[in-house]
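# Fold and contact review
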Amino acid sequence: MQKPDQVRRELSAAASRGALHHALLLTGEGDLSETARYAAAAYECKSPGEKPCLRCEHCRKVMGDIHPDVRFVRDEEHRFLSLELVREIRSDAYIIPNEGQRKVYVFEDCSRLDGRAQNILLKVVEEGPPYAAFLFLAESASALLPTLRSRCVELRVSTAAKPTEPSALAEEFCRLAGEDKRQLIAF
Ligand SMILES: [Zn+2]
């Protein structure tokens, strides 16, 4: 389990030496979408140096959610991503990128990918075109079938908040501690 900035350093180091795996499974509680966006930028960045540089046209488009080759796969209408959508993604992955160097698909919540959907994706993740990249986000790796999981490199992200200032709750606690004990017990 690593903190998000450690994960970002790891992603950057791998991308900068051209060794970023094409299928990543980001696991952890909370919102992993910023880490996913960073990884997507690392795939698309055209900086000759450290990737993602977060300054080039591609990085800026990814971070602004407007890169045509980075797709957050969403289906607001169904509990599970529809198989039709997943099949469409599978076909789309074989179409060369628009302007980036990779086609990146982000599955934000793998608990919404059922077994059939995962089986549809299995082959393209395993032996799709070299420019296709997949980011699977899940609370736990068990959201993916072992077959699909085994094709991914897992990065465990610790998103547990580390308070840098006393929280409002802690402040209230201290205030009450200096006052009425009954109030403190009630609190
Ligand atoms: Zn860049």
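Each remark here, short or long, concerns the structure printed above.
Residues numbered from 1 in each chain as written. Predicted model: local features only at pLDDT ≥ 70, side-chain atom pairs only at ≥ 80, totals over all residues. Heavy atoms only, no water.

Next up on the list: the coordination of the zinc ion. Within the protein, C45 (SG), C53 (SG), C56 (SG) and C59 (SG) serve as the donor atoms for the zinc ion, at 2.3 to 2.4 Å. Note that the zinc ion binds four donor atoms; their angles at the metal cover 104 to 118°, and the shape is tetrahedral. All donors of the zinc ion belong to a single chain; written as a sequence motif, their spacing is C-x7-C-x2-C-x2-C. (Donors = N, O, S within 2.8 Å, 3.2 Å for Na, K, Ca; no water. Tetrahedral: all angles 85-135°; square planar, octahedral: opposite > 155°, others 65-115°.)

So, about the pattern of salt bridges. All told, the structure shown has ten salt bridges when counted by the stated rule. When the shortest N-O distance is used, the salt bridge between R71 and E88 registers 2.8 Å. Here R71, found in strand β2 (residues 70-72), pairs with E88, found in helix α4 (residues 83-92); they are 17 residues apart in sequence, far enough to count as distant. For E88, a relative accessible area of 35% puts it in the partly exposed group. The partner of R151 in a salt bridge is E126, and the shortest N-O contact between them spans 2.5 Å. Of the two residues, R151 is situated in the loop between α6 (146-149) and β5 (153-156) and E126 in helix α5 (residues 115-127); the sequence distance between them amounts to 25 residues. Among the residues examined, R151 registers a relative accessible area of 23% and is labelled partly exposed. A network of salt bridges, in which partner residues are shared, links E34, R37 and D65. (Salt bridge = Lys/Arg side-chain N within 4 Å of Asp/Glu carboxyl O. Helix = DSSP H or I, 4+ residues; strand = E, 2+ residues; numbered from the N terminus. Buried < 20%, exposed > 50% of the residue type's maximum accessible area, 1.4 Å probe, protein only.)

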